[in-house]
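Notes for the structure review
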Amino acid sequence: MIKHIILWTLNPELTDEKKEQVKREIKAGLESLQGKIDGLVSIKVNIDGRLDSSNCDVMLDSTLESPEALKAYATHPAHVTVADTKIRPYTVQRVCLDFEE
């Protein structure tokens, strides 16, 4: 199994209200991919409970069957649509950690 963890920092120029909306849309968009992409075992987006000691705003925690499934997920049209419309326009930093369990 492959763990695919992403941390995003939202654009600091967004209002607090817009940030909350963006976080909800990222969560809904990514979690809607469950069952739509072969090899995607689980996907969860954490947007709540952030402590002041954090230096990012949103976390994706996903599990895929294999490195090949991760590559397929990354280029799947449904994933690309979410990334291009819900994530990239509103984030200024992305950190990724992929590892084998």
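You'll find the structure just up there.
Scope of this entry: the structure provided in the associated data block. (Residues numbered from 1 in each chain as written. Predicted model: local features only at pLDDT ≥ 70, side-chain atom pairs only at ≥ 80, totals over all residues. Heavy atoms only, no water.)

Before going further, it helps to examine the nonpolar core. By size, the foremost hydrophobic cluster in this structure holds 22 residues, and its most contacted members are Trp-8, Ile-26, Leu-30, Leu-60 and Tyr-73. Mapped by element, the contributors of at least two residues to this core are strand 1 (2–10), helix 1 (16–31), strand 2 (40–46), strand 3 (58–64), helix 2 (67–75) and helix 3 (77–87). With four residues, strand 1 is the single largest residue contributor to this core. (Core = buried A, V, L, I, M, F, W, Y, C linked by side-chain atoms within 4.5 Å. Buried < 20%, exposed > 50% of the residue type's maximum accessible area, 1.4 Å probe, protein only. Helix = DSSP H or I, 4+ residues; strand = E, 2+ residues; numbered from the N terminus.)

Before going further, it helps to examine the sheet that holds strand 3. With antiparallel pairing, four strands are arranged side by side in an open sheet as 2-3-1-4. Of all the strands in the sheet, the pair left with one neighbour each is strand 2 and strand 4 (91–100). Pairs of neighbouring strands in the sheet enclose a mean axial angle of 15°, with direction left out of account. Two elements, strand 1 and strand 4, share nine bridges in a ladder whose sense is antiparallel. Counterpart to Ile-2 in the pairing with strand 4 is Glu-100. Against the sheet, helix 1 touches strand 1, strand 2 and strand 3, its axis set at about 170° to strand 2. (Pairing = 2+ DSSP bridges. Axes fitted to C-alpha atoms, helices over the stretch in contact; angles between N-to-C directions. Contact = heavy atoms within 4.5 Å.)

Now for the pairing of strand 3. For a regular strand, side chains alternate in direction, first toward one face of the sheet and then toward the other. Burial analysis of strand 3 places five of its seven residues in the buried class, which makes it a mostly covered element. Note that strand 1 and strand 3 share seven bridges and pair antiparallel. Paired with Lys-3 across the bridge in strand 3 is Thr-63. In terms of strand pairing, strand 2 meets strand 3 through six bridges, oriented antiparallel. Across the sheet, Ser-42 pairs through a bridge with Thr-63, a residue of strand 3.

The next point concerns helix 1. Owing to its 3.6 residues per turn, the α-helix aligns residues three or four sequence positions apart on the same side. Taking 1.5 Å of rise per residue, 16 residues should cover 22 Å, and helix 1 covers 23 Å from first to last C-alpha, within 8% of that figure. Lining the buried residues of helix 1 we find strand 1, strand 2, strand 3, helix 2 and helix 3. (Expected span 1.5 Å × (residues − 1).)

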